[in-house]
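# Fold and geometry: a report
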Amino acid sequence: MSNKNKTIHEFDFNLICEYFSNVERQGPGSPEVTVKALGFIDNLTPQSRIADIGCGTGGQTMTLAQNVSGQITGLDLFPDFINIFNRNAHTLGLSDRVNGIVGSMIETLPFGKESLDLIWSEGAIYNIGFERGLNEWKQYLKKNGYIAVSEASWFTEERPAEIYDFWMANYPEIDTIPNKVAQVQNAGYVPVATFTIPENCWTEHYFAPCCRIQEMFLKKHAGNQTVEELIAGQRHEMELYHKYKEFYGYVFYIGKKI
Ligand code: SAH
C-alpha cells in the first residue's frame, strides 16, 4: 500500500510541477511589488548574501537580481523549478551571481549561521508556517539583516463563513495584519514595513497566466482525475478571491533582525 501511495504521490507532484512550470509566477505578486518591498531594505552591497526561499521558477528572484547587487541563492523543493530558474538566470546574464539550488525550507538550510544579509520569500513561507519560518530562518541572518516575506492575511476582524472555512482547511495560520506584525516582533525583528499587495498581483500576474494554460493542460491530460482536481481547485481559489477579496490577501512583512 505504501508503495502504491508513493507512486500516486510522486505522480501528483510531477503533474503539479509540470502545471506551474508553464507560468512565470507560482503565487500572487508582481515586479513592482518586489521592487517596492526592496525599497525598505538599505544594507545591500555587492558583497551581500541573499537567499530567496521557496523561489519557484524565480520570477521575483530575477527582479530582485536586476535591482540589487550581491549574490542570490534561490532554494526550492522542486528540481524542475530550479532547472527553469537556472536557465532563466543564464538567459538574463545573471548566472554569475544568481544560483538556484534544490532544498527544503523545513530542513536545516544550506547557509552558514549569521551569513545572510537578506532573506526573501514571496508566497512560500506558509509551507513551513509564518511563525516557525521567522524563528528558524533568523539564525541564518546577520545582525541587522532583513527578512521580507509575503503571507496570506485577513484584512478585517470578521469574515464570511465560506472564506473562513476555506482558509481554516488550507492554512489556518492566516491571521490579521496586527497579529502577524506582533509575530514578526516576537520573533526578534523590528517590523520595518507592512503593505498589502495590490489586486493585479492576483488577477493579472497570477490568475490570468494560469487561466491561459488550464485548457491546454486539461486537453493534454484528458481524463486524468488528478489534473481535473488540480484545475478545479485552482478555479475555486480564483472564484473565492473575486468574491471575498476585501477580506483577505497577501501582505508583505519586512523585518530587521535585532
Ligand atoms: N516565490 C515563488 C513561488 C511561490 S509558490 C513566486 O512567488 O512565484 C510556493 C513555492 O514553495 C513553490 O515553488 C514550491 O515548490 C515551494 N515549496 C513548497 N514546499 C517547499 C519546501 N518544503 N521547501 C522549499 N520550497 C518549497
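This text goes with the structure placed above it.
Right, let's walk through the structure included here. (Residues numbered from 1 in each chain as written. Predicted model: local features only at pLDDT ≥ 70, side-chain atom pairs only at ≥ 80, totals over all residues. Heavy atoms only, no water.)

### Some thoughts on the side chain of Thr63
Take Thr63: it is sitting in helix H3 (residues 59-67). On the basis of relative accessibility, which here comes to 11%, the residue Thr63 falls in the buried class. When residues no more than four places from it in sequence are discounted, the contact partners of Thr63 are Pro31, Thr34 and Val35. (Helix = DSSP H or I, 4+ residues; strand = E, 2+ residues; numbered from the N terminus. Buried < 20%, exposed > 50% of the residue type's maximum accessible area, 1.4 Å probe, protein only. Contact = heavy atoms within 4.5 Å.)

### Regarding helix H6 (residues 161-170)
Within the span of H6, buried status applies to Ile163, Phe166 and Trp167. Each buried residue of H6 lies within a common arc of 90° when the element is viewed along its axis, so the set occupies one face. In H6, the exposed residues that point more than 90 degrees away from the buried face are Ala161 and Ala169. Where the residues of H6 are buried, they touch strand S5 (141-154), helix H9 (225-244) and strand S8 (248-257). (Arc of directions from axis to C-beta.)

### Points about a nonpolar patch on the surface
Among the surface-exposed residues, Phe40, Val190, Val192 and Ile258 lie close enough to one another that they form a single nonpolar patch of about 330 Å² accessible area. On the basis of relative accessibility, which here comes to 42%, the residue Val190 falls in the partly exposed class. (Patch = residues over 30% accessible without salt bridge, like charges linked within 9 Å, V, L, I, M, F, W, Y side chains within 5 Å. Areas by Shrake-Rupley, 256 points an atom, 1.4 Å probe, with all protein chains shown as cover. Salt bridge = Lys/Arg side-chain N within 4 Å of Asp/Glu carboxyl O.)

### Observations concerning the site of the ligand
The ligand sits among 19 residues. The nearest are Gln26, Gly54, Asp76, Met105 and Glu122. The separation between an oxygen atom of the ligand and a polar main-chain atom of Gln26 is 2.9 Å. Gln60 is positioned such that a nitrogen or oxygen atom in its side chain is 3.2 Å from an oxygen atom of the ligand. In the shell around the ligand, the residues fall into 7 nonpolar, 9 polar and 3 charged. (Near = heavy atom within 4 Å. Polar contact = N/O pair within 3.5 Å; in protein donor to acceptor, adjacent residues only side chain to side chain. Nonpolar A, V, L, I, M, F, W, Y, C, P; charged D, E, K, R; others polar.)

### Some thoughts on the pattern of salt bridges
Counted under the stated rule, the structure contains 9 salt bridges. Between Glu114 and Lys257 there is a salt bridge, and its shortest N-O distance comes to 3.6 Å. With Glu114 in the loop between strand S3 (98-102) and strand S4 (116-121) and Lys257 in strand S8, this residue pair connects regions lying 143 residues apart in the sequence. By relative accessible area, which is 8% here, Lys257 ends up buried.

### Here we look at the side chain of Arg97
Turning to its location among the elements, Arg97 is positioned in the loop between helix H4 (79-91) and S3. Excluding residues within four positions of it along the chain, Arg97 makes contact with Ala65, Val68, Ser69, Gly70, Gln71 and Ile72.

### Some details on the nonpolar core
Ranked by internal contacts, the top residues of the largest apolar core, which has 79 residues, are Trp120, Trp137, Trp167, Tyr248, Phe252 and Ile254. Setting aside anything within four residues of it in sequence, one finds Tyr248 in contact with Ser153, Trp154, Phe155, Ile163, Trp167, Ile174, Trp202, Glu237, Leu240 and Tyr241. (Core = buried A, V, L, I, M, F, W, Y, C linked by side-chain atoms within 4.5 Å.)

### Structural notes on the packing of aromatic side chains
Scanning the model with the defined rule gives 22 aromatic pairs in all. Plain terms: the ring middles of Tyr19 and Phe20 are 5.0 Å apart, the flat faces sit at 80° to each other, and that makes the pair edge-to-face. Of the residues examined, Tyr19 reaches a relative accessible area of 0% and is grouped as buried. Each ring, one from Trp120 and one from Phe252, has its centre 5.7 Å from the other, and the planes form 55°; the classification is tilted. Here Trp120 is found in strand S4, whereas its partner Phe252 is found in strand S8, with 132 residues between them in sequence. Under the relative-accessibility criterion, Trp120 is labelled buried at 0%. (Phe/Tyr/Trp six-rings, centres within 6.5 Å; stacked < 30°, edge-to-face > 60°.)

### Remarks on the state of the cysteines
A complete count under the given rule lists 0 disulfides for this structure. Left without a disulfide partner, Cys17 is nearest to the cysteine sulfur of Cys55, which lies 12 Å away. A relative accessible area of 4% places Cys17 in the buried class. The cysteine Cys201 is free of any disulfide, with Cys210 supplying the nearest cysteine sulfur at 14 Å. The class of Cys201 is buried, set by a relative accessible area of 0%. (Disulfide = S-S within 2.5 Å.)

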